[in-house]
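Reading the structure
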Amino acid sequence: MPTVEIGDLADGDFLLDVREDDEWQAGHAEGALHIPMSEFVARYGELTEAAPQDGRVNVICRSGGRSAQVAMYLVQQGVDAVNVDGGMQVWAASGRPVVDDKGAAGFVL
């Protein structure tokens with residue numbers, strides 16, 4: 001499974017968050033696209049509309065398990081996708097900003 005370290009992500013890189021609604025509402029990376037893993041196949045078109053045509057899809061969840069599954073699915077569909085190693089836990093621990101669903105400071109649930 002292709003992975004990327006948090007430190008290798010640049011501001012503006014496309015990020016797909018596949019955590020559930022309560023996790024997203026508590027805290028997420030600003031600018032990420034949110035499609036819960038449980039709804040992913042049904043909402044796949046939202047990703048294809050939002051993702052950069054020739055760019056990579058960086059898939060993130062809480063710790064890396066769910067995002068690895070979604071990234072693998074995307075790779076099988078021919079999408080340039082990678083799993084974000086360590087997920088939102090490492091994202092927050094590395095000092096990257098986390099916002100809640102109202103744009104205020106959030107936390108990883």
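Residues numbered from 1 in each chain as written. Predicted model: local features only at pLDDT ≥ 70, side-chain atom pairs only at ≥ 80, totals over all residues. Heavy atoms only, no water.

In the nomenclature of an unreviewed UniProt entry, the protein chain corresponds to Rhodanese-like domain-containing protein from the organism Streptomyces fagopyri.

Moving on, we get to helix 3 (residues 65–76). Between the first and last C-alpha of helix 3 there are 17 Å, a value that for 12 residues agrees with the 16 Å anticipated at 1.5 Å per step. Every buried residue belonging to helix 3 is among Ser-67, Ala-68, Val-70, Ala-71 and Leu-74, and all of these are buried. All buried residues of helix 3 fall inside an arc of 170° around its axis, so they share one side. Its buried side turned inward, helix 3 meets strand 2 (15–17), helix 2 (44–50), strand 4 (57–60) and strand 5 (81–84). Gly-78, located one to two residues past helix 3, shows a positive phi value of around 90°. (Helix = DSSP H or I, 4+ residues; strand = E, 2+ residues; numbered from the N terminus. Expected span 1.5 Å × (residues − 1). Buried < 20%, exposed > 50% of the residue type's maximum accessible area, 1.4 Å probe, protein only. Arc of directions from axis to C-beta. Contact = heavy atoms within 4.5 Å.)

Turning our eyes to something else, we now look at the nonpolar core. Residues Leu-16, Leu-47, Val-57, Val-59 and Leu-74 are the most contacted members of the largest nonpolar core, which totals 15 residues. Put simply, the parts of the chain that give this core at least two residues each are strand 4 and helix 3. With 3 residues, helix 3 is the largest single contributor of residues to this core. Ranked by size, the runner-up nonpolar core spans 13 residues in total, among them Ala-32, Val-84, Trp-91 and Val-98. (Core = buried A, V, L, I, M, F, W, Y, C linked by side-chain atoms within 4.5 Å.)

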